[in-house]
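Chain by chain, the residues:
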Amino acid sequence: MVSSTVTEARRVAGGVERVRRVRRQLPTSPWLFAAPGLLITGAFILYPFVSTLVNAFTDRRTLIPGEFVGFANFRELLHDDMFWIGLRNSTLYVLGVVPALVILPLLLALLVQKNIPGITFFRSAFYTPVVASIVVVGLIWVWLLDERGLINSLLETVGIGRVGFLSDQWLLLLSAMAVTVWKGLGYYMIIYLAALANVPRELHEAAAVDGAGAVRRFVTVTVPAVRSTMALVGALSSVAAFKVFSEVYLMAGPSGGPAGEDTTLVMLVQRTGTGLTGRVGYASAISVVVFVVTVALMLLVLRTDRRGES
């Protein structure tokens, strides 16, 4: 009897000691779980960001460490014609793509939200470009818009004649915008579907009782209810449009279209900072400008949304 009591007491004491050890380990345990994510973030986000920021103030090249040159790279940007061409094209890309990606996915979401026969097929069809590789998508559109492609063949058949979608400076930029919009519709449609699911049906019913038609209900009920989501879509699409690379690169080629007139800022970073003679410092300065502009775009969209809500 006494031995069993002693054994039970030892077991209880051992359990208390284990609990104390666990409690002593708790403050450090979260850091152990977070360590892999922190290491990945530091290696692939923080370190490249800091390295780019430091290199922007040096004359570093691919095989040469470089020295500190202050704001010389940024002063050179002001006199670089290609920089202004890239800034112009990236800005036009934002102005052309963002309004379409804010409005059209919302209309698609309203369409696929309805439970009508065959709507599942259309939901899948609208989302398919999102999961497709941008390289494959770009090559398909290049084949379609080529001078001997399917679209030009159809235009020639109906008597319109061939159109230089990939040889004209502005048509090439518009074609790249169309590819960006086409590929992004399904992604932003899903975001809008989640927002529309939270809109009370009673609001639409009350507006319908008051005699409001479909267009008026869209303007007075749907748009105010998803205003914050529209701001989110505007911010995301603005940043993505300003940093566009793949669509223009695949359709215009490494040279950036005729005489490089369709070059974007990110394409200029890639062209300037790569290769054995790449000017890493100058490319880093362009990257810093891209970062500042994208942050400014996000803040502008969020501030506009706050003003709209007030």
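Reference entry: report on the structure contained in this document. (Residues numbered from 1 in each chain as written. Predicted model: local features only at pLDDT ≥ 70, side-chain atom pairs only at ≥ 80, totals over all residues. Heavy atoms only, no water.)

What to know about the overall build of the protein
So, step 1. Check the secondary structure of the protein and you find 14 helices and 0 strands.
So, step 2. Secondary structure elements of the protein, listed N to C terminal, follow the sequence α-α-α-α-α-α-α-α-α-α-α-α-α-α.
So, step 3. Counting only residues that meet the buried cut, the protein has 35% of its 310 residues in that class.
So, step 4. Considering only intrachain contacts with a sequence separation of at least 6, the fraction spanning at least 24 residues in the protein is 68%. (Helix = DSSP H or I, 4+ residues; strand = E, 2+ residues; numbered from the N terminus. Buried < 20%, exposed > 50% of the residue type's maximum accessible area, 1.4 Å probe, protein only. Contact = heavy atoms within 4.5 Å.)

So, the packing of aromatic side chains
So, step 1. Per the counting criterion, the structure on display carries 10 aromatic pairs.
So, step 2. Look at Trp141 and Trp182: their rings are 5.6 Å apart centre to centre, the planes differ by 70°, and that puts the pair in the edge-to-face class. Separated by 41 residues along the polypeptide, Trp141 in helix H6 (residues 134-145) and Trp182 in helix H8 (residues 169-196) bring together distant segments of the chain.
So, step 3. An aromatic cluster is built from Phe57, Phe71 and Phe74, whose rings are joined through pairwise contacts.
So, step 4. In this structure, Arg279 packs its charged tip against the face of Tyr282, placed 4.5 Å from the ring centre. (Phe/Tyr/Trp six-rings, centres within 6.5 Å; stacked < 30°, edge-to-face > 60°. Lys NZ or Arg CZ within 6 Å of the ring centre and 35° of its normal.)

Quick notes on unusual backbone geometry
So, step 1. Of note, the phi angle at Ala259 is positive, near 60°, even though the residue is not glycine.
So, step 2. Assignment of secondary structure puts Ala259 in the loop between helix H12 (246-252) and helix H13 (265-273).
So, step 3. On the basis of relative accessible area, Ala259 is assigned to the exposed category, the value being 71%.

As for the packing of H6 against H8
So, step 1. Orientation of H6 relative to H8, taken along the N-to-C sense of each, is 135°, at an axis distance of 11 Å. Judged by the inter-axis angle, H6 sits oblique to H8. Remark: the crossing between H6 and H8 carries right-handed chirality. For the pair H6 and H8, the contacting residues are Ile134, Val137, Trp141 and Leu145 in the first and Ser175, Val179, Trp182 and Lys183 in the second. (Axes fitted to C-alpha atoms, helices over the stretch in contact; angles between N-to-C directions. Parallel < 35°, antiparallel > 145°, perpendicular 65-115°, else oblique. Left-handed = near helix turned anticlockwise from the far one by under 90°.)

Observations regarding a nonpolar patch on the surface
So, step 1. A grouping of Phe49, Val50, Leu53, Val54, Phe291, Val292, Val295 and Leu299 is seen on the molecular surface, where their side chains present a nonpolar patch of about 690 Å² in accessible area.
So, step 2. Taken together, the elements giving at least two residues each to the nonpolar patch come down to helix H2 (29-55) and helix H14 (280-309).
So, step 3. Residue placement: Phe49 occurs in helix H2.
So, step 4. For Phe49, a relative accessible area of 40% translates into the label partly exposed. (Patch = residues over 30% accessible without salt bridge, like charges linked within 9 Å, V, L, I, M, F, W, Y side chains within 5 Å. Areas by Shrake-Rupley, 256 points an atom, 1.4 Å probe, with all protein chains shown as cover. Salt bridge = Lys/Arg side-chain N within 4 Å of Asp/Glu carboxyl O.)

Description of the environment of Gly273
So, step 1. Examined against the element boundaries, Gly273 turns out to sit in helix H13.
So, step 2. C-alpha of Gly273 to C-alpha of Thr62: the two residues are 211 residues apart in sequence and 7.6 Å apart in space.

Describing the packing of H8 against helix H11 (residues 227-242)
When two helices pack together, their arrangement is captured by the angle between the axes and the distance separating the axes.
So, step 1. It is the contact of H8 with H11, at a shortest axis distance of 10 Å, that shows an interaxial angle of 160°. Accordingly, the angle class assigned to the pair H8 and H11 is roughly antiparallel. Relative to H11, the crossing made by H8 is right-handed. Between H8, through Tyr188, Ile191, Tyr192 and Ala195, and H11, the contact on the second element is made entirely by Thr229, Met230, Leu232, Val233, Leu236 and Ser237.
So, step 2. Taken together, the residues that form the contact of H8 with H11 break down as 8 nonpolar, 2 polar and no charged. (Nonpolar A, V, L, I, M, F, W, Y, C, P; charged D, E, K, R; others polar.)

Coordinates in, geometry out; function isn't part of it.
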